[in-house]
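Residue-level structural notes
Here are the chains, one letter per residue:
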Amino acid sequence: MTISVPFDNSYARLPETFFRRTPPTPVGAPKLAALNRTLARELGLDPEALSGADGVNALAGNAVLPGSEPIATAYAGHQFGHFVPQLGDGRAILLGEVVDGAGLRRDIQLKGAGPTPFSRRGDGRAALGPVLREYLVSEAMAALGVPTTRALAAVVTGEQVYRETALPGAVLTRVAASHIRVGTFQFFAARRDADALKALVEHVVTRHYRDAAERPDKALALLEGVVARQAALIAQWLHAGFVHGVMNTDNCSIAGETIDYGPCAFLDAYNPMAVYSSIDEHGRYAFARQPAIAHWNLTRLAESLIPLLADDVDQAVAKATTTLDGFAPAFEAAYVAGYRRKLGLETERADDMDLVQDLLDRMAEGRADQTLTFRRLGAFAETRDHAGVRDLFDEPTAFDDWGVRYHERLAAEPDAAAERRARMDRANPAIIPRNHHVDAALRAAVEDDDLAPFRALSAALADPFARDADASPYAAPPARDADPIRTFCGT
Ligand code: AMP
Ligand code: MG
């Protein structure tokens, strides 16, 4: 079956300093491991054609489709606080952009498609485990309603990649609003290329911040937009219990999507200082540090934009500072609003955040499961049946005091208990991609060539709020005394 993709590649029309034209490197024996049919249709692509031989060849990088203009994009970035003036797509190749049925322009990128001029010492490849991990977790985030890049397909290459051991290789097809990062701005700012910065601002406001495009001070309007989206995004991460793990500025999306699922993980027991990544030795990217780190990353964006904010540097810095100061209140507002939804509160009270913080403190102290605590609050709010939720705490009485306080607060709410329960069930997932389940699914795929557990987990994660999701084996937390799972960058 022939495959046609209506590419329209706006990034490849930018100046040549923005990218290097790089075709993917073909692989030996490509085989489809996963195809996201729903997303394919959303993009106006035919899933049948994509899963046929021509489609799999395109998804493996063995054939370049008509209209595709493969490029590796240039970017810089702060990695764990240290500036690297040139990173770039070392193993990802942008095939082009497609405008979907809703009019939204999206990048289609192959990750693990072979070396590029930015590969440095890397092989340009990806291993199957990390590819399936990104597939699972990014699609789970989408199902949870968190802005994210998406996974269209995973193809095994039939070749091995060499990390600590030989591993099966794979290519992920990633779909994103764009792959423009804070680091993309830093790349040109470091080179003092004001024309390139201007062109990048033009591109980004046209593509992601239409309101900003109307304003004379576009660069400032863009900064305001990115600050607002990142503030909302990080609040959603915290509500979901998500730890990104490697919030370097090159992994911070200008469009406000979660991007780069390397060592990420979800909390089981609530722990504000949770760190999973084996390379995050100092806990720079610990769960509760994520808002501060996002602000730090946005400050790097603001610095890059200084030449465009005003002719006078002091004035430019003042504008940037005022905008960055908007991050904390925007984050706080989104954070408390999300928790009101999770607690089923329709009205607003000044001390709602105290109520939330009291619960979170007790959860941290009592090692209560982040996801199940909120999920089970639904039943507790409706019927006062506390059995399910209090048993999640090391010392169940720690919940009881809070439960009294919560019901006093609920007494001030106007809506009926059953309606509240339904709303809470839509705000509190039963299923998240728990590390032990993800790990088991990946091990089966990599060690036993068995994709069935990956597929079953993937299906469960697609509907995390369903009433019957509570009974799913994937809703189960790890054993209380299980060792925490370490995660890796997957490079
Ligand atoms: P990441 O940790 O995935 O955000 O990657 C950081 C940088 O390393 C980016 O410039 C990547 O393109 C590059 N990189 C990661 N893995 C590889 C690899 N296997 N080959 C070449 N470049 C890589
Ligand atoms: Mg990255």
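Here the structure is a predicted model, which means the values were calculated and not measured.

A few words now on the pairing of strand β6 (residues 92-99). Most of β6 is tucked away: seven of the eight residues are buried. Bridging between β6 and strand β7 (residues 105-111) involves seven bridges; their strand directions are antiparallel. Looking across to β7, one finds that Ala92 is bridged to Lys111.

This part covers the side chain of Asn297. You can see Asn297 is positioned in helix α9 (residues 290-309). If we skip the residues at most four places from it in the chain, Asn297 touches Val182, Met247, Asn248, Thr249 and Cys252.

This paragraph deals with the nonpolar core. Counting 97 residues, the largest nonpolar core has Tyr11, Phe185, Ile254, Leu301, Leu343, Leu377 and Tyr406 as the members making the most contacts within it. Per-element tally for this core: the top contributor is helix α8 (residues 218-240), with 14 residues. Looking at which domains feed residues into this core, each of domain 1 (11-179) and domain 2 (183-334) gives three or more. Setting aside residues up to four positions removed in sequence, Ile254 forms contacts with Ile180, Arg181, Val182, Phe185, Val204, Tyr209, Val226 and Leu301. With 29 residues, the next largest nonpolar core counts Val131, Leu172, Leu457 and Ala460 among its residues.

Let us look at the coordination of the magnesium ion (ligand 2). Protein coordination of the magnesium ion (ligand 2) is provided by Asn251 (OD1) and Asp260 (OD), with donor distances spanning 1.8 to 2.2 Å. With relative accessibility at 17%, the residue Asp260 sits in the buried group.

Let's shift gears to the layout of surface pockets. The space that makes up the second largest pocket amounts to roughly 560 Å³. Along the lines of polarity and charge, the residues of the lining of the second largest pocket split into 15 nonpolar, three polar and seven charged.

What counts and how
- Residues numbered from 1 in each chain as written.
- Chains lettered and ligands numbered in written order.
- Predicted model: local features only at pLDDT ≥ 70, side-chain atom pairs only at ≥ 80, totals over all residues.
- Heavy atoms only, no water.
- Buried < 20%, exposed > 50% of the residue type's maximum accessible area, 1.4 Å probe, protein only.
- Helix = DSSP H or I, 4+ residues; strand = E, 2+ residues; numbered from the N terminus.
- Pairing = 2+ DSSP bridges.
- Contact = heavy atoms within 4.5 Å.
- Core = buried A, V, L, I, M, F, W, Y, C linked by side-chain atoms within 4.5 Å.
- Domains from an automatic or database assignment.
- Donors = N, O, S within 2.8 Å, 3.2 Å for Na, K, Ca; no water.
- 1 Å grid on protein atoms, 1.4 Å probe; cavity = no way out; pocket = protein on both sides within 12 Å on 5 of 7 lines; lining within 4 Å.
- Points joined across faces, edges and corners; volume = space filled by probe spheres on them.
- Nonpolar A, V, L, I, M, F, W, Y, C, P; charged D, E, K, R; others polar.

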